[in-house]
Amino acid sequence: MNQKDFLEILDILEKNSTRNAPSDILHSAFNRTPYTILIATLLSLRTKDETTARVSKELFKVAETPEKMVEIPLDRLEEIVKPTGMYRRKARTIIDVSNTLIEKFNSKVPDRKGELLTIKGVGDKTANVVLNSAFGIPSIAVDTHVHRVTNLLGFIETKTPRESERELYRRVPKRYWSRLNHIIVSFGQTICLPRGAKCDICPIYNRCHH
Ligand code: SF4
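The rules behind the values
Residues numbered from 1 in each chain as written. Predicted model: local features only at pLDDT ≥ 70, side-chain atom pairs only at ≥ 80, totals over all residues. Helix = DSSP H or I, 4+ residues; strand = E, 2+ residues; numbered from the N terminus. Rg over C-alpha atoms; globule rule 2.2 N^0.38 Å. Buried ≥ 20, exposed ≤ 12 C-beta atoms within 10 Å, placed from the backbone. Axes fitted to C-alpha atoms, helices over the stretch in contact; angles between N-to-C directions. Parallel < 35°, antiparallel > 145°, perpendicular 65-115°, else oblique. Contact = placed C-beta atoms within 7 Å. Nonpolar A, V, L, I, M, F, W, Y, C, P; charged D, E, K, R; others polar. Domains from an automatic or database assignment. Near = placed C-beta within 6 Å. Left-handed = near helix turned anticlockwise from the far one by under 90°.

A. Representation of the overall build of the protein within the structure. Of the regular secondary structure elements, the protein holds 12 helices and zero strands. Listed by position from the N terminus, the elements making up the protein come as α-α-α-α-α-α-α-α-α-α-α-α. Since a compact globule built from 210 residues should have a radius of gyration of about 17 Å, the 18 Å found for the protein is in line with a globular shape. Overall, the C-alpha framework of the protein stretches about 55 × 30 × 25 Å when taken along its three principal axes. Taken over 210 residues, the protein has a buried fraction of 36%.

The following block contains the structure:
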């Protein structure tokens, strides 16, 4: 699929977006600061957005800053984040990330990718989500939906999300970078589902050769 067709698809999907996809629910679940966005993104790894939304809401009622977060006893934090899965690791990561922010970044989330990636537990996808959502810096966050749907449409042919990220940066104009994740994740969560895609109501049915 060429770039022109892909951009037209993005426009169609954006116009037809329902605004009640799980990713939208997550967006409105809590008070959004760079710190809460970073922590919610860490919680969201391998978890449904609905669950992340519910747990983030609970967690940020108890602590919305790194200082408050590190005061929570580890077992209590584990209990709160348990529904998101891998809770022991996530609780540990949240404490480590919060301590790093306090010690190295004056309790502020940095707005440069290079610095974000120096924080143990913060990977490419998390850094890109934070740059986009917290600081409005155009970047493409590639998760499983973005990787899967862009390959399914035949726009890219890649094996890993990392490769997809590289290809998408190369082929998608900057003006779409910030929006791309949201458009495709909403679509992947509501219509082009990984199992049981709703092709009968798909707004790009005629353009899909799947
Ligand atoms: S037609 Fe079906 S498989 Fe193709 S993009 Fe739409 S939902 Fe996905």
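B. Quick look at the packing of helix H10 (residues 144–152) against helix H12 (residues 177–190). One way to put it is that H10 packs onto H12 with a least axis distance of 9 Å and a crossing angle of 80°. Taken together, the axes of H10 and H12 are roughly perpendicular relative to one another. Contacts between H10 and H12 involve His145, Val146, Arg148 and Val149 on the former and, on the latter, Asn181, Ile184, Val185, Phe187, Gly188 and Gln189. Considered class by class, the residues forming the contact of H10 with H12 number five nonpolar, four polar and one charged.

C. Expanded view of the domain arrangement of the protein. When its domains are assigned, the protein resolves into domain 1 (3–20 + 139–207) and domain 2 (23–123). Taken over C-alpha atoms, the centre of domain 1 sits 26 Å from the centre of domain 2.

D. Inspection of the site of the ligand at higher detail. In the region of the ligand, the neighbouring residues are Ile191, Cys192, Ala197, Lys198, Cys199, Cys202, Ile204, Tyr205, Cys208 and His210. Looking at the shell around the ligand, its residues break down into eight nonpolar, one polar and one charged.

E. Quick look at the environment of threonine 51. Mapped onto the secondary structure, threonine 51 falls in helix H4 (residues 49–62). Given 16 C-beta atoms within a 10 Å radius, threonine 51 is considered partly exposed. Taking the C-alpha atoms as reference, threonine 51 lies 16 Å from threonine 190; in sequence the two are 139 residues apart.

F. Structural context of the environment of lysine 15. Among the structural elements, lysine 15 can be located in helix H1 (residues 3–15). In this structure lysine 15 comes out as exposed when scored by C-beta crowding, with 9 C-beta atoms within 10 Å. Residues lysine 15 and arginine 92, 77 residues apart in the sequence, show an inter-C-alpha distance of 40 Å.

G. The arrangement of the environment of alanine 53 in detail. Position of alanine 53 among the secondary structure elements: in helix H4. The spatial distance from the C-alpha of alanine 53 to the C-alpha of leucine 26 is 4.7 Å, given a sequence separation of 27 residues. Contact partners of alanine 53, with chain neighbours within four places excluded, come to Ile25, Leu26 and Ala29.

H. Up close: the packing of helix H3 (residues 34–43) against helix H9 (residues 124–135). At a closest axis distance of 9 Å, the pairing of H3 and H9 adopts a crossing angle of 145°. Crossing of H3 over H9 shows right-handed handedness. Contacts between H3 and H9 involve Pro34, Ile37, Leu38, Thr41 and Leu42 from the former and Thr126, Val129, Val130, Ser133, Ala134 and Phe135 from the latter. Of the residues belonging to the contact of H3 with H9, the class tally is eight nonpolar, three polar and no charged.

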